[in-house]
Amino acid sequence: MKQNSSSRKLNAQAQQNIASIMLFDITDPRLSMVTITGCEVSFDRSFCNVFYTAPEGEYEDAQAAFEKAKGRIRSLLAKRLSWRVAPELRFLLDKSVDEAQKIAVALAKEESRPAYIPQEDDEE
C-alpha cells in the first residue's frame, strides 16, 4: 500500500490504540506475550491489517485469542478514534522477528568459526 504522511499517521494511531487496548483492556492470557508490530489502515479506513508477533509455538493460540477478542478490540478502538467508521480488523502474524532471530543466530555461529586464510604457494 502506498504510504504518505497522512496514512503513516493513521497507521501509527491505530497501532498505538490497539497496543494500549491489548495492554489495559484485554485479559486473555494467550495474548500476554503478543506484541503489535504494525498496522495498515485502508484508504477509506474500513479495514485495518494488524501485524503481531508471538512467542514461537504459540501462533495458533494467539490467532484464536485474536479471533475471540476481535469484536471487543474493534469496539474499544471505535470509542478511542474519531473516525467515521470503525475498521474491520484482520490480525496477521509477522514472522520477520523470527526470521531476524534465525539470521542473528546464523551470523553468531559464523563469527565463532575460524576464518579461512589461503596459504600462498612457495613454488617458484
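Higher on the page you've got the structure.
Given the structure is predicted, the values throughout are model-derived calculations rather than measurements.

A. How the structure looks around the pairing of strand β3 (residues 88–93). Relative to β3, strand β2 (residues 47–53) runs parallel, the two sharing 6 bridges. Counted as the bridge partner of V50 is F91 from β3. With helix α2 (residues 59–80) bridging β2 and its parallel neighbour β3, the resulting β-α-β unit is right-handed.

B. The arrangement of helix α1 (residues 5–24) in detail. The end-to-end C-alpha distance of α1, which contains 20 residues, comes to 28 Å, matching closely the 28 Å that a straight helix rising 1.5 Å per residue would cover. Every buried residue of α1 is listed here: S7, L10, N11, A14, N17, I18, I21 and M22. Axial view of α1: buried residues confined to an arc of 140°, hence all on one face. Away from its buried face by more than 90 degrees, α1 exposes K9, Q16, L23 and F24. The secondary structure elements touched by the buried residues of α1 are β1 (35–41), β2, α2 and β3.

C. Here's a closer look at the packing of aromatic side chains. Under the criterion given, the structure shown has 2 aromatic pairs. Relative to F66, the ring of Y52 lies with its centre 4.7 Å away and its plane at 50°, an arrangement referred to as tilted. Of the two residues, Y52 is situated in strand β2 and F66 in helix α2; the sequence distance between them amounts to 14 residues. In this structure Y52 comes out as buried when scored by relative accessible area, which is 1%. Residue class for F66 comes out buried when judged on its relative accessible area of 0%.

D. Broad picture of the pattern of salt bridges. For the structure on display, the rule yields 4 salt bridges. The partner of R30 in a salt bridge is D28, and the shortest N-O contact between them spans 2.9 Å.

E. Quick look at the sheet that holds β2. Reading across the sheet, the 3 strands line up as β1-β2-β3 and stay open at both edges, with mixed pairing between neighbours. Single-partner strands in this sheet number two, and they are β1 and β3. Strand-to-strand, the axes of this sheet are offset by a mean angle of 25°, without reference to chain direction. In this sheet, β2 lies alongside β1 in antiparallel orientation, the contact comprising 6 bridges. What sits directly across from E40, in β2, is N49. This element, α1, spans β1, β2 and β3 of the sheet and lies at about 140° to β1. The sheet strands contacting α2 are β1, β2 and β3, and the helix crosses β3 at an angle near 155°.

Reading the values: the criteria
- Residues numbered from 1 in each chain as written.
- Predicted model: local features only at pLDDT ≥ 70, side-chain atom pairs only at ≥ 80, totals over all residues.
- Heavy atoms only, no water.
- Pairing = 2+ DSSP bridges.
- Helix = DSSP H or I, 4+ residues; strand = E, 2+ residues; numbered from the N terminus.
- Right-handed = clockwise from strand over helix to strand, strands pointing away.
- Expected span 1.5 Å × (residues − 1).
- Buried < 20%, exposed > 50% of the residue type's maximum accessible area, 1.4 Å probe, protein only.
- Arc of directions from axis to C-beta.
- Contact = heavy atoms within 4.5 Å.
- Phe/Tyr/Trp six-rings, centres within 6.5 Å; stacked < 30°, edge-to-face > 60°.
- Salt bridge = Lys/Arg side-chain N within 4 Å of Asp/Glu carboxyl O.
- Axes fitted to C-alpha atoms, helices over the stretch in contact; angles between N-to-C directions.

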